[in-house]
Amino acid sequence: MQQSSILLLFFFLMGIALIVFTYIYLSSKKADQGMSNPLKKRFWFFLILTIIMGIFASVTIPKSPYFAFADKTPAKVIHVAAIQFAFFLSEKAIDREKPSGQQIELPVNEVIEFRVTSFDVNHGFAIYDESNRLITQTQAMPGYVNRLRYKFEEPGKYNVLCLEYCGVAHQLMRTSFVVK
Amino acid sequence: MESKKLKKITAVWIIVVLTLFVISIVLGILMRLNQGGVLHHAPITFYSNMTIHGITMIGIWFVAGMAGINYLMERYVKTSYSANLIALILTVIGVLMLWAVTLIGKFHTAWTFLYPLPLRVMWAQWATPVFLVAMSILTTGWLIWGISMMTQVLKKYSIPQAFAWQHFKKDPAVKTPPFILISMITLVGVVTCLLVAVVLMALYFAEYFSKGSFVNDALLMKNLTYFFGHTIANEMLYLGLAVIYELFSEVGEKPKWKTTWYVALAWNFTLIFILTAFLHHLYMDFVQPEGFQIVGQIASYMASLPAAAVTVFSVWVAVYRIKIKWTLTNLLFFIGVAGWVIGGFGAVIDATISNNIVLHNTQWVPAHFHTYNILGNVLFSLGFFYWFSIQFTDKVVSEKFSKLILSLLIIGGAGFLLAFYIGGADSIPRRFSNYPAEFTTAKPLANIGAAFATIYLIPILILFYNISKRCLKILFPSS
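Cut-offs used in this document
Residues numbered from 1 in each chain as written. Chains lettered and ligands numbered in written order. Predicted model: local features only at pLDDT ≥ 70, side-chain atom pairs only at ≥ 80, totals over all residues. Helix = DSSP H or I, 4+ residues; strand = E, 2+ residues; numbered from the N terminus. Rg over C-alpha atoms; globule rule 2.2 N^0.38 Å. Buried ≥ 20, exposed ≤ 12 C-beta atoms within 10 Å, placed from the backbone. Core = buried A, V, L, I, M, F, W, Y, C linked by C-beta atoms within 7 Å. Domains from an automatic or database assignment. Contact = placed C-beta atoms within 7 Å. Expected span 1.5 Å × (residues − 1). Nonpolar A, V, L, I, M, F, W, Y, C, P; charged D, E, K, R; others polar. Pairing = 2+ DSSP bridges. Axes fitted to C-alpha atoms, helices over the stretch in contact; angles between N-to-C directions. Parallel < 35°, antiparallel > 145°, perpendicular 65-115°, else oblique. Left-handed = near helix turned anticlockwise from the far one by under 90°.

### Focus: the overall build of chain B
- Summing up its helical and strand segments, chain B has 14 helices and 0 strands in all.
- Beginning at the N terminus, the succession of helices and strands in chain B can be written as α-α-α-α-α-α-α-α-α-α-α-α-α-α.
- Computed over the C-alpha atoms, the radius of gyration of chain B is 22 Å, within 12% of the 23 Å expected from 2.2 N^0.38 for a compact globule of 479 residues.
- On the principal axes, the C-alpha backbone points of chain B span a range of 60 × 50 × 50 Å.
- Looking at chain B residue by residue over its 479 residues, the buried ones come to 58%.

### Quick look at the overall build of chain A
- Looking only at helices and strands, one finds 2 helices and 9 strands in chain A.
- Sequence-ordered secondary structure for chain A, helices as α and strands as β, is α-α-β-β-β-β-β-β-β-β-β.
- By the compact-globule yardstick of 16 Å for 180 residues, chain A is too spread out, its C-alpha radius of gyration being 23 Å.
- The C-alpha extent of chain A, read off along each of the three principal axes, is 75 × 40 × 30 Å.
- Per-residue burial for chain A yields a buried fraction of 30% across its 180 residues.

### Comments concerning the nonpolar core
- Within the largest apolar cluster, 210 residues are counted, with the highest numbers of intra-cluster contacts made by Val 80 of chain A together with Ile 14, Val 17, Leu 181, Ile 182 and Ala 242 of chain B.
- At 19 residues, helix H7 (residues 218-251) of chain B tops the list of elements feeding residues into this core.
- Mapping this core onto the domain boundaries places at least three of its residues in each of domain 1 (2-66) and domain 2 (72-179) of chain A.
- For Ile 14 of chain B, the contacting residues outside a window of four places in its chain are Phe 385, Phe 388, Ile 467 and Cys 471 of chain B.

### Regarding helix H6 (residues 178-209) of chain B
- Between its terminal C-alpha atoms H6 of chain B stretches 46 Å, which fits the 46 Å expected from 32 residues at 1.5 Å a residue.
- Note on H6 of chain B: the residue one or two positions beyond its end, Lys 211 of chain B, has a positive phi of about 55°.

### Some details on the interface of chain A and chain B
- Contacts between the two partners involve 66 residues from chain A and, on the opposite side, 61 residues from chain B.
- Those elements that place two or more of their residues in the side of chain A that touches chain B are helix H1 (2-27), helix H2 (38-60), strand S5 (123-128), strand S6 (134-140) and strand S7 (146-151) of chain A.
- Top contributing element to the side of chain A that touches chain B by residue count: H1 of chain A, with 14 residues.
- Among the residues making up the side of chain A that touches chain B, the classes are represented as 36 nonpolar, 22 polar and 8 charged.

### Remarks on the pairing of strand S1 (residues 76-83) of chain A
Residues and elements named next belong to chain A.
- Alignment of S1 against strand S4 (residues 111-118), held across 7 bridges, turns out to be parallel. Across the sheet, residue Val 80 finds its bridge partner in S4, namely Val 116.
- Pairing of S1 with strand S2 (residues 86-90), which is carried by 5 bridges, proceeds in the antiparallel orientation. Residue pairing in the sheet places Ala 81 in a bridge with Phe 88 of S2.
- Linking S1 back to S2 in an antiparallel pair, the connection comprises 2 residues.

### Structural notes on helix H3 (residues 81-104) of chain B
- Its 24 residues give H3 of chain B an end-to-end C-alpha distance of 34 Å, which sits within 8% of 34 Å, the value for a rise of 1.5 Å per residue.
- Among all positions of H3 of chain B, only Ala 83, Asn 84, Ala 87, Leu 90, Thr 91, Gly 94, Val 95, Leu 98, Val 101 and Thr 102 of chain B are buried.

### A word on unusual backbone geometry
- A cis amide bond, omega 10°, links Gln 84 of chain A with the succeeding residue Phe 85 of chain A.
- Phi is positive for Ala 110 of chain B, close to 70°, though the residue is something other than glycine.
- The class of Ala 110 of chain B is buried, set by 21 C-beta atoms lying within 10 Å.
- Despite not being glycine, Lys 211 of chain B shows a phi value in the positive range, around 55°.
- Inspection of the secondary structure assignment puts Lys 211 of chain B in the loop between H6 and H7.
- We classify Lys 211 of chain B as exposed; it has 7 C-beta atoms within 10 Å.

### A look at the sheet that holds strand S8 (residues 156-161) of chain A
Residues and elements named next belong to chain A.
- Pairing within the open sheet is mixed, and its 5 strands lie in the order S3-S9-S8-S5-S6. Each end of this open sheet is capped by a strand with a single partner; those strands are strand S3 (105-106) and S6.
- Direction of pairing for S3 relative to strand S9 (residues 174-179): parallel, over a ladder of 2 bridges. For Glu 105, the partnering residue across the bridge sits in S9 and is Val 178.

### As for the packing of H2 of chain A against helix H9 (residues 290-319) of chain B
- For the pair H2 of chain A and H9 of chain B, interaxial distance at closest approach is 10 Å and the crossing angle is 160°. By the angle between their directions, the pair H2 of chain A and H9 of chain B is classed as roughly antiparallel. As H2 of chain A packs across H9 of chain B, the resulting crossing turns out to be right-handed. Contacts between H2 of chain A and H9 of chain B involve Pro 38, Arg 42, Phe 45, Phe 46, Leu 49, Thr 50, Met 53 and Ala 57 of chain A from the first element and Gln 297, Ile 298, Tyr 301, Leu 305, Ala 308, Ala 309, Phe 313 and Val 317 of chain B from the second.
- Here the residues of the contact of H2 of chain A with H9 of chain B are counted per class, giving 13 nonpolar, 2 polar and 1 charged.

### Examining the sheet that holds S7 of chain A
Residues and elements named next belong to chain A.
- An order of S2-S1-S4-S7 is seen for the 4 strands of this open sheet, with the pairing classed as mixed. Each edge of the sheet is formed by a strand with only one pairing partner; in this case those strands are S2 and S7. Across this sheet, the average inter-strand angle for adjacent strands is 25°, counted without regard to direction.

### Some words on the environment of Ile 86 of chain B
All names here are of chain B.
- Here Ile 86 shows up in helix H3.
- When the C-alpha atoms of Ile 86 and Trp 145 are compared, they prove to be 7.8 Å apart, with 59 residues separating the residues in sequence.
- Aside from chain neighbours lying at most four places away, what touches Ile 86 is Gly 141 and Ile 144.

### Side note on the domain arrangement of chain A
- Taken domain by domain, chain A holds domain 1 (2-66) and domain 2 (72-179).
- Domain 1 of chain A and domain 2 of chain A are separated by 38 Å when their C-alpha centres are compared.

### With respect to the packing of helix H4 (residues 127-156) of chain B against H6 of chain B
All names here are of chain B.
- With their axes 9 Å apart at the nearest point, H4 and H6 run at an angle of 150° to one another. Taken as axis vectors, H4 and H6 run roughly antiparallel relative to one another. Both H4 and H6 take part in a crossing whose hand is left-handed.

Quick look at the structure:
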């Protein structure tokens, strides 16, 4: 699960930092000869860090959502309009003057495209699975349509929360759809 | 005469910052207790508190950094007392206006005031224009201050010297102190982001007064807002680092740090990365040009390289197997650097687009930026404040008492932050006044966060009292 790996990675790195800083601090209580060859060590430290960051960048950038299913034709397109403080989901384009939505049912294991916009302020369109885990999201912006492509591999009920602070009932904005 | 005035105004800055810090922490604890279900504020109260908590925290630690570098800059160049005073007066006015706007007017856009939310008036009618005016006042005062300090540096150092380019050659005739280099680089970033804030305010005023005929572009406004917001927060941290480069060795009674070719290189490159990293705030705006998104991740990653290989490593070299005279000042600096590094891990993880899709606007975000602050930048500034305050008054905090202060800061800070990191991994949204029932860990984590924040507050109150008392002595020396 992505969030678990992220948390573990963070704790691992935090642990290393704590050990290194503590070790260095404790070393200052003892001897007085300083670090040998600091420039050489600094260079290697920099090189190793650069390589690690380079690997992370080249592995993760292609996994960005902008490239997800870019060459596929979505099986279904769902129009999403957000307002203060509700979501409208529809298989048809949503009328700004008379927004309306419908119950949405999506096919499992098919590429779905959500076309997300807002009729007033910035909102967030964030999809949570049945274990209340955030699986994907995009922003709902006035004057723009963000296209989010996703393939649901598990059937079930998915909740949508607003994840961009939008005002006094931001925490109440939600909707849901079913994947079968 | 001049340095007496600078001493006194710095003392005023310190008291103002510490007072507002204590109040803002209390607001934050109230917010967490509301999220934990212990308090039952109306959402509008929560969100107004959230707005002023954020604005105040960023504002005070920014001006703390500016006051710190202004004070130390006097060692190298003559700084302008008027610019410092103007900034102080305008900051106090701006902050008071913002407190009125949020606490009385119930303005609640969050500190990022993301367009078009400030114009969708769901609060007192007067709050929106007063908010825009207050932000303009702050921007004006800080621009005057920033430009003034840059001008004073450039009166003594040429542009290439201010950026330490002569250090790329062997044995340069004129040496640029690291403090001047870092201050200059940071002030370029500060002035740039404040100029962008001017543009942002102008666009807001234009729309506000246009009665509907002029409508801004939401994507442009988002880019401008985050350029301003991210950059000012990032530079706030680097202002603290400038102080560390100047004081760390001195406090430990060791030789002064020098600018080398790699220090010059690192800080010059840092400027480029800082000015482009803000793009990581728009990863979830898929209409943003793809190239900008990738630049955002690369710039965010690369910003960590000079930070780690130069600044952090230099701190390690300055400490490893060196019998340093450890005092509260340099211990605060040292722990702050560790906090900054750990916050950096959280940040780089989030700045990875493929992670951001499941972390964006969850509690991972306040997790990492609170790490940068409460156990990073705040400690840098507290180190400076304490160091300043003991220059002119006698008696220092005892070693035992220092250990108590530091332990409580670390324990309180760590517990408060871990609650946020775990919350982020649990997909709990940020900026929610109350949590949907399905997030079963959300309330307990909020209350744990509040409890540890209270532990953190204790040493802050001690330092507030201790440092403010000394600063008052500096302002009103007893006859």
